[in-house]
Amino acid sequence: MVALADDAPAANRSESAPGANRDRLMRIAVPAAMLALTLLAWEAYVRLNGVPPYILPAPSLVAATLVKDWATLWPALLVTLQITFSALILALVGGSALAILLVQSRWVELALYPYAVILQVTPIVAIAPLILVYVPSTQGAIMICAFLVAFFPILSNMVQGLKSVDHNLLNLYDLYGASRWQQLRMLKLPAALPYFMAGLKIGGGLSLIAAVVAEFAAGSAGAGSGLAFRLLESQYRMNIPRLFAALVLLSATGVAIFAFTSLVSWLSLRRWHESALSREN
Amino acid sequence: MSAPAATSLPPGAARPVVSLRGVSKRFSNGTLALSSMSMDIRRGEFVSLLGPSGCGKSTALRIVAGLGQPSEGTVDWPASRIGRNGRPDADIGFVFQEPTLMPWKPVFDNAFLPLRLKGVSKAQARDTVMAALETVGLEDFARAYPRELSGGMRMRVSIARALVTEPKLLLMDEPFGALDEITRQKLNDDVLRLWHEKGLTVVFVTHSVFEAAYLSSRIAVMGARPGRVVSDMALASPAGRERDAGFRSSDAYGELCRHVSQALAGAMYAPRGAEAA
Ligand SMILES: Nc1ncnc2c1ncn2[C@@H]1O[C@H](COP(=O)(O)OP(=O)(O)OP(=O)(O)O)[C@@H](O)[C@H]1O
Ligand SMILES: [Mg+2]
């Protein structure tokens, strides 16, 4: 990983460069080869044993279905993506804002924290039907479910982050007469950034999961058009290749969200946080 | 006790900058770190707090800086007005025992912090900050991040940060403990020069007898458990020493070190106070 500062003095990089290049190549080649091998074994197993497509479709059939049913799957994917990302963004904004509020005063924290915990420990599938009743638009209801699930890890990470500022740095800010606002903006928020990023990674994954689970609940209530609904629909119709195609899209979305949040995290922490730096001794 | 180089106090030094009266500090876990410590720090003094590890030097220094309230006793600032936030308006510079840098900011921004908090713009502050970094020999590392520096370099950034506001009272907690002998001697001389030229008041925590003897116009030897001042020695003014290359090898310095050593040994084996009773 490109962890070294470009202006680091006396960087002696040339010696290790070939080794580093090979390392990078292996890092891509090994998992790719492994994936190809798995798909090949799967394809061979299905063909050699003549497994019917409604039990287990071959990867090639899944790929063909993906192309054939694109007109149905693509809008569904868009809906799921929209729900996931609006839930995630709301959770990021709401979670961070509430965390900032909570650490401002012990009283606020004492008063509000129980609600956050209750919301978190109650299984979301159990509230989903209720939300579906209260909120007229199904998509709105699914979005709220996904938001509630992603919200808590972001909140608790942020609270932890805002509280774990080095006490001597706090002393230093006090000493120089920093205002609360300066302390928050210049000290607490940057110090909490690694925790925020951890919350972002967890929240990103969870909001997709919650969007799917909530849509299952909504789908059984008879409305919906996201990927989860298409998945259920394919199951009712025994269209297993399409079910797999929908599944592939969901996994790909999950992987993309993970890669994206990891990248954001790495970009923002690479200069200073231990988690984003390679160890050089 | 007959100090070989004891002098009378300089004139105009009667009014203390800070005055500790019967200050005790008990931490929430029950540790009694300081026990009725009384001490006046007068303007223009270079006071060293000398004592064994764990005797409460850092605690005392933090209380002087107004960081953390004493459990008993009072800290007065007879020469300063008390600002709206309940702190004296005396300009204080503080060097913590650890570097205490913001890891997400490069060296320049870390040293710039005190000025930034005062509302000075980066362009206005540039020269001052660079001059402070130059004093500690880090002008080439302004853009490096703290984790790219060695332990001693980080400590020097922290010293530069304390200097940028040109404080009148400089509180330093073992600032040179992590440095090599040469750099330490250079920075000792730099601090002495600043003290002398700018008329600073310095409170300097150390457990090095040699450092205390070299720098101080007064040494307060502290004893442990509970922490208190066991012996308070006024010495000859160290002004001008930094220009005298021969002083470190002079007999006068050797005699001074011996004297301070004895006082420290006396403090360490002194009968215990409250606990022993
Ligand atoms: N936050 C704290 N909570 C509880 N006890 C503390 C705390 N800080 C310091 N102490 C205790 O107070 C005593 C004095 O600590 P202090 O840090 O002032 O020592 P020191 O003289 O600066 O030592 P050193 O030279 O090793 O830095 C020690 O016994 C320590 O265990
Ligand atoms: Mg200490």
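About the thresholds
Residues numbered from 1 in each chain as written. Chains lettered and ligands numbered in written order. Predicted model: local features only at pLDDT ≥ 70, side-chain atom pairs only at ≥ 80, totals over all residues. Heavy atoms only, no water. Helix = DSSP H or I, 4+ residues; strand = E, 2+ residues; numbered from the N terminus. Rg over C-alpha atoms; globule rule 2.2 N^0.38 Å. Buried < 20%, exposed > 50% of the residue type's maximum accessible area, 1.4 Å probe, protein only. Contact = heavy atoms within 4.5 Å. Areas by Shrake-Rupley, 256 points an atom, 1.4 Å probe, with all protein chains shown as cover. Lys, Arg positive; Asp, Glu negative; His and termini not counted. Charge placed at Lys NZ, Arg CZ, Asp CG, Glu CD. Donors = N, O, S within 2.8 Å, 3.2 Å for Na, K, Ca; no water. Axes fitted to C-alpha atoms, helices over the stretch in contact; angles between N-to-C directions. Parallel < 35°, antiparallel > 145°, perpendicular 65-115°, else oblique. Left-handed = near helix turned anticlockwise from the far one by under 90°. Nonpolar A, V, L, I, M, F, W, Y, C, P; charged D, E, K, R; others polar. Pairing = 2+ DSSP bridges. Near = heavy atom within 4 Å. Polar contact = N/O pair within 3.5 Å; in protein donor to acceptor, adjacent residues only side chain to side chain. Domains from an automatic or database assignment. Buried area = accessible area lost by both parts, 1.4 Å probe. Salt bridge = Lys/Arg side-chain N within 4 Å of Asp/Glu carboxyl O.

1. Structural notes on the overall build of chain A
Helix and strand counts for chain A stand at 10 helices and zero strands. Going from the N terminus to the C terminus, chain A shows its helices and strands as α-α-α-α-α-α-α-α-α-α. For chain A, the C-alpha radius of gyration of 24 Å lies well beyond 19 Å, the compact-globule estimate for 281 residues. Considered along the principal axes of its C-alpha atoms, chain A spans approximately 75 × 60 × 25 Å. Expressed as a percentage of its 281 residues, the buried residues of chain A come to 41%. The contacts in chain A between residues at least 6 apart in sequence include a share of 70% that link residues at least 24 apart. As displayed, chain A offers around 15,500 Å² of accessible surface, 69% of which is attributable to carbon and sulfur atoms. If you average the places of the 18 positive and of the 13 negative side-chain charges in chain A, the two averages end up 5 Å apart.

2. Concerning the coordination of the magnesium ion (ligand 2)
Residue and element names in this part refer to chain B. In this structure, S58 (OG) and Q97 (OE1) serve as the protein donors to the magnesium ion (ligand 2), at separations of 1.9 to 2.2 Å. Pair noted here: S58 is in helix 1 (residues 57–64) and Q97 is in the loop between strand 5 (92–95) and helix 2 (107–117), with a separation of 39 residues, a long-range link. With a relative accessible area of 16%, S58 lands in the buried category.

3. Here we look at the packing of helix 5 (residues 124–134) of chain A against helix 6 (residues 138–163) of chain A
Residues and elements named next belong to chain A. At a closest axis distance of 9 Å, the pairing of helix 5 and helix 6 adopts a crossing angle of 150 degrees. Viewed along their axes, helix 5 and helix 6 adopt a mutual orientation that is roughly antiparallel. The way helix 5 lies across helix 6 gives a crossing that is right-handed. Counted together, I124, A128, I131 and L132 of helix 5 and T138, A141, I144, C145, L148 and V149 of helix 6 form the full contact between these two elements. Along the lines of polarity and charge, the residues of the contact of helix 5 with helix 6 split into nine nonpolar, one polar and no charged.

4. With respect to the packing of helix 4 (residues 106–121) of chain A against helix 6 of chain A
Residue and element names in this part refer to chain A. Their axes nearest at 9 Å, the elements helix 4 and helix 6 cross at an angle of 140 degrees. Classed by the angle they form, the pair helix 4 and helix 6 counts as oblique. The two elements helix 4 and helix 6 cross, and the hand of that crossing is left-handed. The segment helix 4 lies against helix 6, with E109, Y113, A116, V117, L119 and Q120 engaging L148, V149, F152, P153, L155, S156 and K163.

5. Structural notes on the sheet that holds strand 6 (residues 169–173) of chain B
Residue and element names in this part refer to chain B. Sheet architecture is open: six strands sit in the order 5-6-7-3-8-9, paired in mixed fashion. Both outer strands of the open sheet, strand 5 and strand 9 (228–234), are each paired with one neighbouring strand and no more. For this sheet, the mean inter-axis angle between neighbouring strands, taken without regard to orientation, is 15 degrees. Across four bridges, the pairing between strand 5 and strand 6 is parallel.

6. Describing the site of ligand 1
Residue and element names in this part refer to chain B. Among the 14 residues in the neighbourhood of ligand 1, the closest are listed as S53, K57, S58, T59 and Q97. Contact distances for ligand 1 include 2.8 Å between an oxygen atom and a backbone N or O atom of G54. For ligand 1, an oxygen atom lies 2.9 Å from a polar atom in the side chain of E174. Of the residues belonging to the shell around ligand 1, the class tally is three nonpolar, nine polar and two charged.

7. What about the pairing of strand 9 of chain B?
All names here are of chain B. Pairing of strand 8 (residues 218–223) with strand 9, which is carried by six bridges, proceeds in the antiparallel orientation. Each residue of the ladder has a partner; that of V221, found in strand 9, is S231. Counted between consecutive antiparallel strands, the loop separating strand 8 from strand 9 contains four residues, among which R225 sits at a positive phi close to 45 degrees.

8. Concerning the domain arrangement of chain A
All names here are of chain A. Parsing chain A into structural domains produces domain 1 (1–51) and domain 2 (59–269). In this complex, domain 1 contributes six residues to the contact, which on the side of domain 2 involves four residues. Summed over both partners, the interface of domain 1 with domain 2 comes to about 450 Å²; 73% of that surface belongs to carbon and sulfur atoms. Between the two partners, domain 1 and domain 2, sit zero salt bridges. Linking domain 1 with domain 2 are one residue pair in polar contact (both at pLDDT 80 or more).

9. Topic: the pattern of salt bridges
As enumerated under the stated definition, the model contains 21 salt bridges over all chains in all. A salt bridge links E109(A) to K163(A), with the nearest nitrogen and oxygen atoms 2.9 Å apart. In this pair, E109(A) is assigned in helix 4 and K163(A) in helix 6, connecting sequence segments 54 residues apart. According to the relative accessible area criterion, E109(A) is buried, its value standing at 15%. Given the relative accessible area of 45%, K163(A) is considered partly exposed. In this structure, R271(A) engages E148(B) in a salt bridge whose closest nitrogen and oxygen atoms are separated by 3.7 Å.

10. Considerations on the domain arrangement of chain B
Residues and elements named next belong to chain B. Each domain of chain B was delimited in the assignment, giving domain 1 (16–59 + 168–277) and domain 2 (100–167). Each of domain 1 and domain 2 has a C-alpha centre, and the two are 26 Å apart. For the pair domain 1 and domain 2, the summed buried area comes to about 940 Å², and 74% of that belongs to carbon and sulfur atoms. Remark: the boundary between domain 1 and domain 2 carries zero salt bridges. Here domain 1 and domain 2 share one residue pair in polar contact (both at pLDDT 80 or more) between them. The biggest single contributor to the side of domain 1 that touches domain 2 is helix 5 (residues 181–198), with six residues. Here the side of domain 1 that touches domain 2 is built from residues that sort into 10 nonpolar, one polar and four charged.

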